[in-house]
Amino acid sequence: MFVEIVDALRCPRAHEESWLVLAARRTEDRHVLEGTLGCPVCRAEYAIHEGIADFSDPLVSGHATASPVRTLPPADHLAAMLNLGDALGFAVLIGAWGTSAEALIESVDAPPLLLVDPPAGVAMGHGLSGIRASATLPLATGAARAVATDAVDPARVADAARVDARWRTDGRAGGIARAGRSARAGARRRGVGR
Ligand SMILES: [Zn+2]
């Protein structure tokens, strides 16, 4: 878990939006590999182990994701799709998209990447952070400059759009509108990616 992404994490439980307090036990190159995230509102604690923070609900087993055997585009295509030409902010790769993370971080001048429910065998650190999550992503609205998701669960797809700074959710209309190229400005406004 990259320390700058911790600022964008929020407690996923049903209460007002809250930051999380980080207690790091082992950190390498600004990545927390072992530690705990605590919610000051509901006192929930989320463990970080091997760089992956666990927000999953132990009562819910597994997530409905698209078939992992489908072909993913090459890393440079994914970088272009997500407009990842610079190191500002961070991008989110959900499920099978995490398979491309290592190639992506080595190719272009990519921003830090946050993998949600990362595939087995992807090592965290060196620009890669991981979380396990329920349908509600533990992230602030518009926190990520881009989100790629393989989710088929409508609740998670909707929440992925909420987190993606390229989209703006209009609560009253109940629709999702394209917000244009605001990811970079949003990242600056929130002070991430410096
Ligand atoms: Zn909480």
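Residues numbered from 1 in each chain as written. Predicted model: local features only at pLDDT ≥ 70, side-chain atom pairs only at ≥ 80, totals over all residues. Heavy atoms only, no water.

Here strand S6 (residues 113–116) shows no split at all, with Leu113 and Leu115 on one side and Leu114 and Val116 on the other all buried. Note that strand S5 (residues 91–94) and S6 share four bridges and pair parallel. Residue isoleucine 94 lies in a different strand from S6, and its bridge partner there is valine 116. Handedness of the crossover joining S5 and S6 through helix H3 (residues 101–106): right-handed. As defined by bridge partners, S6 adjoins strand S7 (residues 128–132) across four bridges and the pair is classed as parallel. Bridge pairing in S7 places leucine 115 opposite glycine 130. (Buried < 20%, exposed > 50% of the residue type's maximum accessible area, 1.4 Å probe, protein only. Helix = DSSP H or I, 4+ residues; strand = E, 2+ residues; numbered from the N terminus. Pairing = 2+ DSSP bridges. Right-handed = clockwise from strand over helix to strand, strands pointing away.)

Turning next to the packing of aromatic side chains. Within the structure shown, the criterion is met by one aromatic pair. Above the ring of tryptophan 19, the side-chain terminus of arginine 10 is found at 4.3 Å from the ring centroid. (Phe/Tyr/Trp six-rings, centres within 6.5 Å; stacked < 30°, edge-to-face > 60°. Lys NZ or Arg CZ within 6 Å of the ring centre and 35° of its normal.)

Let us now look at the coordination of the zinc ion. Of the protein atoms, only Cys11 (SG), His15 (NE2), Cys39 (SG) and Cys42 (SG) coordinate the zinc ion, at distances of 2.0 to 2.3 Å. Given four donor atoms and angles of 102 to 114 degrees at the metal, the environment of the zinc ion is assigned as tetrahedral. Along the chain, the residues that donate to the zinc ion are spaced as C-x3-H-x23-C-x2-C. Taken as a pair, cysteine 11 in the loop between helix H1 (3–6) and strand S1 (21–28) and cysteine 42 in the loop between strand S2 (31–38) and strand S3 (45–49) lie far apart in primary sequence, 31 residues in all. Judged by relative accessible area, which is 27%, cysteine 42 ranks as partly exposed. (Donors = N, O, S within 2.8 Å, 3.2 Å for Na, K, Ca; no water. Tetrahedral: all angles 85-135°; square planar, octahedral: opposite > 155°, others 65-115°.)

A word on the side chain of serine 18. Considering the arrangement of structural elements, one finds serine 18 in the loop between H1 and S1. Among residues more than four places away in sequence, those in contact with serine 18 are Leu9, Arg10, Cys11, Cys39, Pro40 and Val41. (Contact = heavy atoms within 4.5 Å.)

Here alanine 24 shows up in strand S1. What makes alanine 24 partly exposed here is its relative accessible area of 43%. Distance from alanine 24 to valine 3, taken between C-alpha atoms, is 9.7 Å for residues 21 residues apart in sequence. Excluding anything up to four places from it in sequence, alanine 24 contacts Val32, Glu34 and Gly35.

On to the nonpolar core, then. In terms of nonpolar packing, the biggest core is built from 31 residues, with Met1, Leu37, Phe90, Val92 and Leu139 touching the most fellow members. Sorting the residues of this core by element identifies H1, S2, S3, S5, S6 and helix H4 (154–163) as the ones contributing at least two each. Within the second largest apolar cluster, 18 residues are counted, among which are Leu104, Val122, Leu128 and Ala148. (Core = buried A, V, L, I, M, F, W, Y, C linked by side-chain atoms within 4.5 Å.)

For arginine 30, which is not glycine, the phi torsion reads 65 degrees and is therefore positive. Even without a glycine there, the phi angle at arginine 43 is positive, about 70 degrees. Structurally, the position occupied by arginine 43 is in the loop between S2 and S3.

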